[in-house]
Amino acid sequence: MQENLMTLYDYDKAHVRNVLKRERDFKVPAKGGPLRIKSTELVEWLIEEQSKDEIRKLVTMMKAIRKRNASVRTLIETIAIGLIK
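Now for a description of the structure that goes with this document.

Calculation notes
Residues numbered from 1 in each chain as written. Predicted model: local features only at pLDDT ≥ 70, side-chain atom pairs only at ≥ 80, totals over all residues. Heavy atoms only, no water. Phe/Tyr/Trp six-rings, centres within 6.5 Å; stacked < 30°, edge-to-face > 60°. Lys NZ or Arg CZ within 6 Å of the ring centre and 35° of its normal. Helix = DSSP H or I, 4+ residues; strand = E, 2+ residues; numbered from the N terminus. Salt bridge = Lys/Arg side-chain N within 4 Å of Asp/Glu carboxyl O. Buried < 20%, exposed > 50% of the residue type's maximum accessible area, 1.4 Å probe, protein only.

1. Here we look at the packing of aromatic side chains
Aromatic ring pairs are defined here through the distance separating the ring centres and the angle between the ring planes.
Working step 1: This model, assessed by the stated rule, comprises 0 aromatic pairs.
Working step 2: If you follow Lys52 out to its NZ or CZ, it ends over the ring of Tyr9, 5.3 Å from the centre.

So, in structure tokens, the structure goes:
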């Protein structure tokens, strides 16, 4: 019988997806005017563009922010701006 084990990277990706699926669309400033990006699209883009270590750091930051009952929205918007440029 084969067990389904999640790697830390799989856990991190699932965590980012679960946290951000509750967010509404993101408005990200760009040269041609603000872009509206769906949270599901942004999550997949983040996972695709970031390394395993960067995703791990993102999860750590998200947990710290959520521990203080704050929104991770600003962090994600800042990362999205960096991805666009």
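2. Focus on the environment of Lys85
Working step 1: Among the structural elements, Lys85 can be located in the segment after helix 4 (73-84).
Working step 2: Residues Lys85 and Ala30, spaced 55 residues apart in sequence, show a C-alpha to C-alpha distance of 8.0 Å.

3. A few points about the pattern of salt bridges
Working step 1: For the structure on display, the rule yields 6 salt bridges.
Working step 2: Close ionic contact of Arg17 with Glu44 constitutes a salt bridge, the shortest N to O distance being 2.7 Å. Here Arg17 is found in helix 1 (residues 8-20), whereas its partner Glu44 is found in helix 2 (residues 39-49), with 27 residues between them in sequence.
Working step 3: The exposure class of Glu44 is partly exposed, given its relative accessible area of 38%.
Working step 4: Salt bridges sharing common partners tie together Glu23, Arg73 and Glu77.

By themselves these figures say nothing about function.
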